[in-house]
Amino acid sequence: MIKSELVEKLSAENPHLFQRDVENIVNAILDEVGDAMARGDRVELRGFGAFSVKNRPARVGRNPRTGEQVDVGEKYVPQFKAGKEIRERLNRA
């Protein structure tokens, strides 16, 4: 599901809200999750899962084409861990 599909589904389930208001709400939530992760914070949505940022230290890699060593810098990558409720729903289906 992409963001526009989520907005449409939420708008259909909440006909008393305008679609632009639902879009603003979804954008606000996703922006806040992104901002929190950019600060290095962990974001937990109960029953859904937790988003966190993982540090990958600098290392020496190899160019697969030439085999020569390449320095790979330190980086931070997003990580998601599914919550218990969503795991159970997926395994039931």
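This write-up is about the structure you can find in this document. Quick caveat: nothing in here was measured; it's all calculated off a predicted structure.

## Points about the overall build of the protein
Secondary structure assignment for the protein yields 3 helices and 5 strands. Helices and strands in the protein line up, N terminus first, as α-α-β-β-β-β-β-α. In terms of its C-alpha atoms, the protein occupies a principal-axis envelope of roughly 60 × 35 × 30 Å. Across the 93 residues in the protein, those meeting the buried criterion constitute 15%. Pairs at least 24 residues apart make up 29% of the contacts formed inside the protein by residues separated by at least 6 positions. As displayed, the protein offers around 7,900 Å² of accessible surface, 51% of which is attributable to carbon and sulfur atoms. Each charge class in the protein can be summarised by its mean position, and for the 17 positive and 15 negative side chains these summaries are 8 Å apart.

## Some words on a nonpolar patch on the surface
A cluster of nonpolar side chains, contributed by L17, I25, I29 and L30, occupies part of the molecular surface with about 330 Å² of accessible area. Here I25 shows up in helix α2 (residues 19-38). On the basis of relative accessibility, which here comes to 45%, the residue I25 falls in the partly exposed class.

## A word on the environment of P57
Note on placement: P57 falls in the loop between β2 (49-56) and β3 (59-62). With relative accessibility at 57%, the residue P57 sits in the exposed group. Between the C-alpha atoms of P57 and E74, which are 17 residues apart in sequence, the distance is 4.5 Å.

## Details of the pattern of salt bridges
A complete count under the given rule lists 5 salt bridges for this structure. One salt bridge connects E13 with K9, and the closest N-O pair in it is separated by 3.5 Å. Of the two residues, E13 and K9 are both situated in helix α1 (residues 3-13); the distance of 4 residues between them amounts to about one turn of the helix. Taking the shortest distance from any N to any O, the salt bridge between R42 and E44 comes out at 3.1 Å. R42 sits in the exposed class, given a relative accessible area of 55%. In this structure, a network of salt bridges that share partners links the residues E32, R39 and D41.

Reading the values: rules and limits
- Residues numbered from 1 in each chain as written.
- Predicted model: local features only at pLDDT ≥ 70, side-chain atom pairs only at ≥ 80, totals over all residues.
- Heavy atoms only, no water.
- Helix = DSSP H or I, 4+ residues; strand = E, 2+ residues; numbered from the N terminus.
- Buried < 20%, exposed > 50% of the residue type's maximum accessible area, 1.4 Å probe, protein only.
- Contact = heavy atoms within 4.5 Å.
- Areas by Shrake-Rupley, 256 points an atom, 1.4 Å probe, with all protein chains shown as cover.
- Lys, Arg positive; Asp, Glu negative; His and termini not counted.
- Charge placed at Lys NZ, Arg CZ, Asp CG, Glu CD.
- Patch = residues over 30% accessible without salt bridge, like charges linked within 9 Å, V, L, I, M, F, W, Y side chains within 5 Å.
- Salt bridge = Lys/Arg side-chain N within 4 Å of Asp/Glu carboxyl O.

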